Amino acid sequence: MDQRMAAGFAPAAPPAVRMENHGPTMARVAMRSGSDLFARTGSMVAYEGFIQYESNPTALRQAVAGRLSGESVPLMKCQGDGVLYLADYGAEVVCLPLANESLSINASNVLAFDAHLEWGVQRVKGVAKFAGQGLFNLGISGSGWVAVTSRGIPVVVDVAQAGETCVDPDALVAWSTGLDMRAKRSFKASSLVGRGSGEAFQLAFSGRGFVIVQPSEDSTDRLTAQPQN
């Protein structure tokens, strides 16, 4: 059988970039010595070459803070040379390059990120904490790659090009922390008599950066309910 004709065929050549999608539900990472990776514990589904996996003291310290805040992600440190495939129970994946940027993301949506990036549990600022996003998120900043999971194939919106982007808080996965954020209401009198649209409250983003939105108004419950290895 010519394997190149098979759906999901993995090319022999290494990824063109550090991290890329291999289909909608898998991240493909080019691993090399000295460029370690943090990945969700148990998310390795395949690899080529010589790659090792171990717990990391930094991640353990962060996990303690995570338990205190309720915003934790179990991480393993991946190191070596080869190609690594990561997935999280069939959740859709998007790979993002950060260029000296900061990202605020729910811990349940984190699949992997470059180990040299700065990260930690952060208190959610602004109106987002009143909009179902909780009081804490995981903050990741610097220049490098991040792989994010979502329920359904997400859309990554460049807010600077859109001018202003309004998002249902329950569909919001992550956002650039440098964006301006405000609450926006579309309240009408008909809502008082049970004729509301169900879209009475949104978060409006403006400035330079991006937001990641999933096609589901279910921000965390499904992913957090999945069993972990």
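One can find the structure itself at the top, above this paragraph.
Residues numbered from 1 in each chain as written. Predicted model: local features only at pLDDT ≥ 70, side-chain atom pairs only at ≥ 80, totals over all residues. Heavy atoms only, no water.

**Student:** Just checking my understanding: could you explain the overall build of the chain for this structure?
**Tutor:** Along its length, the chain carries 3 helices and 15 strands. Per-residue burial for the chain yields a buried fraction of 45% across its 229 residues. Taking contacts inside the chain between residues at least 6 apart in sequence as the whole, the part at least 24 apart equals 80%. Accessible area for the chain stands at about 11500 Å²; split by element, carbon and sulfur atoms hold 53% of it. (Helix = DSSP H or I, 4+ residues; strand = E, 2+ residues; numbered from the N terminus. Buried < 20%, exposed > 50% of the residue type's maximum accessible area, 1.4 Å probe, protein only. Contact = heavy atoms within 4.5 Å. Areas by Shrake-Rupley, 256 points an atom, 1.4 Å probe, with all protein chains shown as cover.)

**Student:** Can you help me understand the pairing of strand 5 (residues 75-86) in this one?
**Tutor:** For strand 5, the tally of buried residues reaches 9 of 12 residues, placing the bulk of the element in the interior. As judged from the 5 bridges shared by strand 2 (residues 27-31) and strand 5, these two strands associate in the antiparallel manner. Its bridge partner lying in strand 5, A30 is registered against V83. Relative to strand 5, strand 3 (residues 37-40) is paired through 4 bridges, and the arrangement is antiparallel. (Pairing = 2+ DSSP bridges.)

**Student:** Can you walk me through unusual backbone geometry in this structure?
**Tutor:** The phi torsion of most residues other than glycine is negative, and most of the peptide bonds are trans. Of note in the backbone geometry, Y89 takes a positive phi value of approximately 55 degrees without being a glycine. If you trace the backbone, Y89 turns up in the loop between strand 5 and strand 6 (92-105). Y89 gets classed as partly exposed once you look at its relative accessible area, which sits at 42%. Positive phi, close to 50 degrees, is recorded for N100, a residue that is not glycine. Along the chain, N100 turns up in strand 6.

**Student:** Teacher, can you tell me more about the pattern of salt bridges here?
**Tutor:** It is possible for side chains bearing opposite charge to pair when their charged atoms get close. Evaluated as defined, the whole model comprises 5 salt bridges. For D88, the salt bridge is made with R40, and the minimal N-O distance between the two is 3.8 Å. Highlighted residues: D88 in the loop between strand 5 and strand 6 and R40 in strand 3, separated in sequence by 48 residues. The class for D88 is buried, based on a relative accessible area of 4%. The exposure class assigned to R40 is buried, which follows from its relative accessible area of 4%. (Salt bridge = Lys/Arg side-chain N within 4 Å of Asp/Glu carboxyl O.)

**Student:** Teacher, can you tell me more about the packing of aromatic side chains here?
**Tutor:** Note on aromatic pairs: each is described by the distance of the centres and the angle between the planes. Under the counting rule described, the total for this entry stands at 5 aromatic pairs. Measuring from centroid to centroid gives 5.7 Å for Y47 and Y53, while their planes differ by 70 degrees, and the two rings are edge-to-face. (Phe/Tyr/Trp six-rings, centres within 6.5 Å; stacked < 30°, edge-to-face > 60°.)

Everything listed here is a matter of coordinates, which is why it stays silent on function.
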